[in-house]
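Secondary and tertiary structure notes
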Amino acid sequence: METAYHQLLRTSGIRPRILVVDDQTINIRLVGEIFKDECDIYMAMDGEQGIAQCHTNLPDLVLLDLVMPGMDGYEVCRRLKADSGTRHIPIIFITSQRDEADEALGFALGAVDYVTKPFHQTVLRARVHTHLLMKLQADRLRSSERFMRTLTDNVPGLIAYWNADLVCLFSNASYQAYYGKTPEQMDGISLQQLFGEALFAKNEPMVQAALRGEKQQFERTMTKADGRIVFVWVQYVPDVQDGRGQGFFVLISDFSELKRAQLAVMESEKFARSIIDTVPETICVLDKTGTIIAVNQAWRDFYDANYGGSQPLNYALGTNYLQVCESAAGADATEAPLMAKGLAAVLAGERDQFSVEYPCDSPTEQRFFFARVQRFPGDSGHVLVAHGNITDRKMIELELARMAHTDVLTGLNNRRHFMQLSETELSRTSRHGGALSLLMLDIDHFKRINDTHGHQVGDAVIQMVAAVCRKQLRDLDVIGRLGGEEFAVTMPNADQAQAMAIAERLRQAIEAASVPLAQGLPVRFTVSIGVTLLSNGLTNLDTLLDQADQALYRAKNKGRNQVCGFFDTV
């Protein structure tokens, strides 16, 4: 199956550039062999050369050795991230050092990943692909921004962006010319200053609504800088992030010359039907009571495909729209009450439009749709409802989220996501009370397994431990791979006795597991486990991890393949 990374390379024709900074030529040659078929490889033998290469070749990713003569990897990373010309280049440290403090420092300086030597080719390739994908997508976004500035400056419409303080942060050339302002005069000007008191007062209700997250659309007559009066269609499009209005976009179209012709065309039922039948979204038109009075071809096609002749072919004409919505999505679907509330507000004239995204799975595939409810201009009370398939976009969003949260080798939560989920459980327990335990486990003599059987078998052992954890632990437990052969589990609602019992059951299950070999007896392995318990007044996850780590090393020192609790020592 083609990955998102390889699909991007195939469709864009891009050949990524990788810079390897390492004082050992054997490491440079090894990386070159791994990526030579898909990337251009550049090399540097010390930190100074690496920085120079970054400025000369602008690589898409840097694989940086930590320990080198002269300037070490930390200083190289620090300088690259301090330079505006190179700070966007992702850096992956490759080092034989395994100290968590070294890894933490690397991330603090701006590195995106940390790979220990000797590295497994599959793991290195997967991590490099992940970060190259994110880097190349970010490059596309920056290119898109330059494209959009060129585009917006060459369209006749007026485009601007005002922040929550009603200060202009962006305006295109047409917007500046309309108000007779230079780019410098528009930059940072207040909306009240630009409009004047009278026009600002007239527009303030729509402005405040847009800042609340409500899209505004209306016709307006405006006086240009040269004194001419024109008819315009104005849209205030909210910019909402994390539920808070950050500002709004202004889109203004001058349609003075076309207004009369537009009204005549829009009154033509034949023309309107031809337009509505060409769009891919499923569309229906409601009267002021919510009854369906017209549908487009996409609606009819969707109805045929999903009902297959099991219902009369009137395509729900004459039916109340909410009844159709509930029968299509299920009466208990979460979007049905939300859709009902939004539609009722539009039908009542309380708002001009409403939109929502929702899942709508078929018997054979997972699907996502959006719905948009739009009130017709004028006093007819008619409302247009449109549904569109956004499955491709949503699946990309879900996959990117999964990649950001998942350990590549095991499929468990990666360290960062484990910490986030555990912080949430810790906060919940601190607020509402109850027990919470945390355990850390480490595969015994893992280096010996790697040295004896090779890293491929070592990876298989790590994967087997992850599989046993999934099977033995509860659904509410948070499991994560912290790095290497070390795992951690946060266990809500587990007191000391329960935590120790769970840890012992997990230890026994892992001891009973094995990894088959192509030849010879299967590889068997054990783990040592440290357990700690959330005590009164303790709210720091790092402290819990440290306690579990101390208990883990106590289990190691007592002979391995056993469970020790931190509370046994206090």
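Here, the structure is the one placed above.
Remember, it's a predicted structure, so these values are computed and weren't measured experimentally.

1. Examining the overall build of the chain
Of regular secondary structure, the chain possesses 21 helices and 22 strands. Across the 570 residues of the chain, 44% fall into the buried class. Of the contacts formed within the chain by residues at least 6 apart in sequence, a portion of 53% connects residues at least 24 apart. When the accessible surface of the chain is summed, it comes to about 30,000 Å², and 52% of that surface belongs to carbon and sulfur atoms.

2. Considerations on the sheet that holds strand β14 (residues 368-375)
Sheet architecture is open: five strands sit in the order β12-β11-β15-β14-β13, paired in antiparallel fashion. Looking at the sheet topology across the chains shown, the edges are occupied by β12 (292-295) and β13 (353-359). Mean inter-strand twist for the sheet, computed between neighbouring axes without regard to direction, equals 20°. Here β13 pairs with β14 via seven bridges, running antiparallel. Among the inter-strand pairings, Tyr358 is bridged to a residue of β14, identified as Phe369. Sitting on the sheet, helix α16 (residues 391-405) touches β13, β14 and β15 (383-389), and the angle it makes with β14 is about 125°.

3. Section: the sheet that holds strand β16 (residues 436-443)
What the five strands build is an open sheet, ordered β17-β18-β16-β21-β22; its pairing is mixed. Only two strands of the sheet have a single partner each, and these edge strands are β17 (478-483) and β22 (563-565). Strand after strand, the sheet turns through a mean of 20° between neighbouring axes, direction not considered. Bridge count for β16 against strand β21 (residues 527-533) is seven bridges, and the pairing is antiparallel. Directly across from Leu438, in β21, lies its bridge partner Thr532. The strands touched by helix α19 (residues 455-472) are β16, β17 and β18 (486-492); relative to β16, the strand with the most contacts, the crossing angle is about 155°.

4. Re the pattern of salt bridges
If you walk through the whole model with that rule in mind, you get 20 salt bridges. The closest approach of N and O atoms between Arg507 and Glu504, which form a salt bridge, is 2.6 Å. Residue Arg507 and its partner Glu504 are located together in helix α20 (residues 496-512), separated by three residues, close to a single helical turn. As a salt-bridge pair, Glu511 and Arg507 come within 3.2 Å of each other at their nearest N and O atoms. Here Arg507 and Glu511 lie together in helix α20, a separation of four residues that amounts to about one turn.

Analysis parameters
- Residues numbered from 1 in each chain as written.
- Predicted model: local features only at pLDDT ≥ 70, side-chain atom pairs only at ≥ 80, totals over all residues.
- Heavy atoms only, no water.
- Helix = DSSP H or I, 4+ residues; strand = E, 2+ residues; numbered from the N terminus.
- Buried < 20%, exposed > 50% of the residue type's maximum accessible area, 1.4 Å probe, protein only.
- Contact = heavy atoms within 4.5 Å.
- Areas by Shrake-Rupley, 256 points an atom, 1.4 Å probe, with all protein chains shown as cover.
- Pairing = 2+ DSSP bridges.
- Axes fitted to C-alpha atoms, helices over the stretch in contact; angles between N-to-C directions.
- Salt bridge = Lys/Arg side-chain N within 4 Å of Asp/Glu carboxyl O.

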